[in-house]
Structures are given as C-alpha cells and as structure tokens.
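# Fold and contact review
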Amino acid sequence: MKILKVKSILFSLLAMMAVAVFMTSCEQEELSSIEAHENLVLNEGESIDALFKIAEILSKSVQSNESILPGLEDFCLESERKGHSDVEFFYHLKKDASLQRSSNTLAEIIESSEQFRSNETTELCNIPGLAFLLEGKLDSKKYSKRIYVDDGFDDSDPNTHIKYYENGVLGSHPISEVPDAKAFVVRISEAYISTGSYRYDLHKSMPNTLREIGKTNCGKSITIIDRKLEPVDLQSTDEDETRGIQTCDRDLTINKTENIKKFRTTSTYEFWRGKGEFFWLIIFADNVNYQLVNGGVQVNGNPLGYLNTGTYGNVKKDTWYYPNFSSIIWNLDNDGNRMWYVAYESDGGSATTFNLNLSVGFDPPGLGSASISASIPITINNGDDYVGSSIVEYCHDIDQNSSNPGFQYNYGAAEMYINNR
C-alpha cells in the first residue's frame, strides 16, 4: 500500500509538472503569436489580394450611392493641397472620416461589408500604404463607376492591361485607354516606403527625405518619401544652343563637385500612376589603384563605384526642375575620364540586382596611359522603368561663366544639365 501511495504522489507531481510545462508553452506560443502579429506587414501578394477585394466592394457600393465618388475626390484634393505629391489620399488617415457628400465613412462601406471577414479587416491594418489615386480626365464633371486596381502592371508597355471592377464584375483594358471621366485607382502609394526596405535604407541617410504622416490603428507607420521638386518656368534662353567642347573646365573650378543642375522630361513614364518619380544612378571609377608592371600600367581590384541620387517625386512632363544634386569631387587621376548617368522612373516593387559595365581611361603621372573596363552590381527595384543613360566626359564644357551653366545631355525622353559647384 505504501508503494502504491508513493507512486500515486509521484504520478500527481509529474502530471502537475506536465500541465505547467504545457501552459507555459501555450503562453509562450500565444505571446510569440501576438509579437508576430504586432510586427506583421503584409507581403506584396497579400496586399494586392486585399486591393482587389476593396475595389470589388467599392464598385458595388457606388452603383447605389454615386455620392461616394465626389467624396473620394474631396479627400484626394485635400491631400494634394497639404503637399502630397500625387492626387491621392491614404486610406488609414481618412477611413473613419465621413465622406463629405455621403452619410458613410470608408470603413463603414468597406470593412463592414459582408464580403469582408473579420481577419481581413485586421489585414487592412497591416497595409500602411493603402491609398486611392484620382486618375482619368481630371477636368471632367463625370465619374467612372469602374474602380481600378494597381496590381503592379508594367506601365512601360501601353498594351499592358489595367484591371477594374464594375458593379462587382472584374474587367480590364489597355493602359493606353484613358476614360473621359474621373476614375479612382486602389493601390499601394508610390510615395509610401516600408521600414527596412531597400528604398528606406537608401533615403534614411539623406536629410529631409522621409516623413511619417500617421499610423494605422494597429500602430504601423505610414512613412513617405517627401522629396518634391518645384517646377521653374523659363523663357527662351540659350539652353538649346549647341555647346562646343573646350579645354577642361573642371580643372578651372574650385572644388570640382559634380552637380545635376536641372532636367526635364517629355514623358512621366506613368500610365495610371499619377506623377513621375525619377532617380539617377551615377557610376564612376572609385579611387583606382594602379602600378607599372613590365612597362605597362596594371589596375588592381574592381575599380567601379556608384551613387543613387534617391527618388525625386511630383515630376510633370515638359517642365524644368532643379534638383541640384551634388555627387563626388572628380579626381581625374584616380576616378578616370568618364562617368555614366543612368536615369530611371521609380515604380517600386522588390529589390533586384544586375551588372553594369563602364570603360574609363587614366593617365597616371609618370606611368603612361591606361584604360579599364569593369562591371559593378547595381541594386534597384524590379518595377523601376529605364529612361535612358548618358556618358559624362571629364573634358565636356561645363561652361561655368554662362547665365545657364552646365553641359547638356539628351537621353531617351529626358534632357539634363550637369555643372560643377
């Protein structure tokens, strides 16, 4: 009997320990789940699925209540007046505000819909960049009842289709077709930038380029690239005159800092995506090391480096802008005789890497001349559109004494002037 009693006590203790371990494990799993939820930001595929659901719900709602559409426009115009680069507004900043010409809020229309399950409304909270863009014919008094979706379509191809919902039915048409009415696009704003992304890490080191404009209900930051260029209207000047090549002007300047003085473009490279966002990659030989070997000059190591100017938004076509972006102090002995400026229009997406090649020449003091051709890995986003590129030679005439200083470069749909500060 004593043996049985001891066994019974031991069994009870083991059972209690097992329960305690099980409860602790459950608590840890629950805590881990909560922490994971708090840090959750939906991936691109999950976000796009939510955009389609929102467009479907909204397209049904506007069939019976057209006053929703001018209410959405009011939000877009208010956001633009406050300085946002596109005519759009962020859902999480306005979802609980009454639409000015309707008795409903966006949250009541979308999140209270029978088509939205409770966990999907939680998912919306984890899409900080969710926005509504006003597109189409902006001076029209009519509104399209089609609610469009930006699912990451290729806006560089006019035959690409953009999808929309009309009274809950999915359809599409080429992006080259523009409706004769105002239309709304549900999208992840191009201005939004997620913490930890390639673009975020690039811009956070540039002063006054990132701005947090609010948070979602679950605490996700709505951070945007706030780096707009103001247009400058110019009368006819000598900027279109042909410039000659003279003795190297860069040798006559004081600090030799390279500078993108101004640019304009004949296209925003944006179909159904508002205004353009442009950036440049500046590729150059970077403090090259060389030595004389067997009577010839030998270059050591990979000699190339590059800078990303970061994104400039709010760009309209046929308008001059002055970024005044300074890059490097060009040392002819160690940086070679040419650089390569490559222009892109930013459309976001995920980071991708590829190689670019550049050939440069050197004239090392006392060693004779040398030339190299090397490649360098470049990182951009896979949705970015290539605009064009131009080789900048050291001895191009940057014409510092002119009323319009700089050397003119034309590439693709863009025109750019570079000078020395």
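Residues numbered from 1 in each chain as written. Predicted model: local features only at pLDDT ≥ 70, side-chain atom pairs only at ≥ 80, totals over all residues. Heavy atoms only, no water.

## Digging into unusual backbone geometry
Most peptide bonds take the trans configuration, and most residues that are not glycine carry a negative phi. Of note, Asn208 is a non-glycine position whose phi angle comes to about 60 degrees, a positive value. Tracing the backbone through its elements, the reader meets Asn208 in the loop between helix H7 (198–203) and strand E7 (210–215). Note on Asn208: relative accessible area 75%, which makes it exposed. Positive phi outside glycine occurs at Asn324, with the angle close to 45 degrees. Under the relative-accessibility criterion, Asn324 is labelled partly exposed at 29%. (Helix = DSSP H or I, 4+ residues; strand = E, 2+ residues; numbered from the N terminus. Buried < 20%, exposed > 50% of the residue type's maximum accessible area, 1.4 Å probe, protein only.)

## With respect to the layout of surface pockets
One water molecule sets the probe size; rolling that probe over the atoms shows where empty space is left. Of the voids in this model, the second largest pocket is the one considered here, and its volume is about 380 Å³. Taken together, 19 residues line the second largest pocket, and the ones lying closest to its centre are Glu135, Thr268, Glu270, Gly274 and Lys275. The greatest single-element share of the lining of the second largest pocket, amounting to four residues, is contributed by strand E2 (residues 130–136). Counted by class, the lining of the second largest pocket contains seven nonpolar, six polar and six charged residues. (1 Å grid on protein atoms, 1.4 Å probe; cavity = no way out; pocket = protein on both sides within 12 Å on 5 of 7 lines; lining within 4 Å. Points joined across faces, edges and corners; volume = space filled by probe spheres on them. Nonpolar A, V, L, I, M, F, W, Y, C, P; charged D, E, K, R; others polar.)

## Here we look at helix H3 (residues 68–81)
Here H3 contains 14 residues, and its C-alpha end-to-end distance of 20 Å stays within 8% of the 20 Å for a straight helix at 1.5 Å per residue. Counting buried positions over the 14 residues of H3 gives 11, a clear majority of the element. Here H3 has its buried residues at Ile68, Leu69, Pro70, Gly71, Leu72, Glu73, Asp74, Phe75, Cys76, Glu78 and Ser79. Gly83 sits one or two residues past H3 and shows a positive phi near 110 degrees. (Expected span 1.5 Å × (residues − 1).)

## Section: the environment of Ile282
By the secondary structure assignment, Ile282 is in strand E11 (residues 276–285). Look at Ile282 and you get buried, because its relative accessible area is 0%. Taking the C-alpha atoms as reference points, Ile282 and Val342, separated by 60 residues in sequence, lie 6.6 Å from one another. Those residues in contact with Ile282 that sit more than four places away from it in its chain are Ile260, Gly305, Tyr306, Leu307, Thr309, Phe325, Ser327, Met339, Trp340 and Tyr341. (Contact = heavy atoms within 4.5 Å.)

## Looking at empty space enclosed by the protein
Per the counting criterion, the structure on display carries two cavities of 30 Å³ or more. Of the volumes computed, that of the second largest cavity is approximately 50 Å³. Lining the second largest cavity, in full, are Tyr198, Arg199, Leu202, Phe279, Asn308, Thr311, Ser346, Thr379, Ile380, Asn381 and Asp384. Put simply, the parts of the chain that give the lining of the second largest cavity at least two residues each are H7 and strand E20 (370–381). Grouping the constituent residues of the lining of the second largest cavity by class yields four nonpolar, five polar and two charged.

## Let's talk about the state of the cysteines
By the definition in use, this model includes two disulfides. Disulfide partner of Cys125: Cys218, at an S-S distance of 2.3 Å. Taking the sign of the S-S torsion, -130 degrees for the link of Cys125 and Cys218, the bridge is left-handed. Separated by 93 residues along the polypeptide, Cys125 in helix H6 (residues 118–125) and Cys218 in the loop between E7 and strand E8 (221–225) bring together distant segments of the chain. When its relative accessible area of 30% is taken as the criterion, Cys218 is described as partly exposed. Note on cysteine connectivity: Cys248 is disulfide-linked to Cys395, with sulfurs 1.6 Å apart. Of this pair, Cys248 sits in the loop between strand E9 (231–232) and strand E10 (257–265) while Cys395 is found in the loop between strand E21 (385–393) and strand E22 (407–411), placing the two residues 147 residues apart along the sequence. A relative accessible area of 31% means that Cys395 is categorised as partly exposed. Shown here for the protein chain is a disulfide pattern of 1-2, 3-4, where each number marks a bonded cysteine counted in sequence order. (Disulfide = S-S within 2.5 Å.)

## Quick notes on the pattern of salt bridges
If you walk through the whole model with that rule in mind, you get 22 salt bridges. For Arg273, the salt bridge is made with Asp150, and the minimal N-O distance between the two is 2.8 Å. On the criterion of sequence distance, the pair formed by Arg273 in the loop between E10 and E11 and Asp150 in the loop between strand E3 (143–149) and strand E4 (161–166) is long-range, its members being 123 residues apart. Each member of the pair Arg273 and Asp150 is classed as buried. Connected via shared salt-bridge partners are Asp150, Asp155, Arg273 and Asp347. (Salt bridge = Lys/Arg side-chain N within 4 Å of Asp/Glu carboxyl O.)

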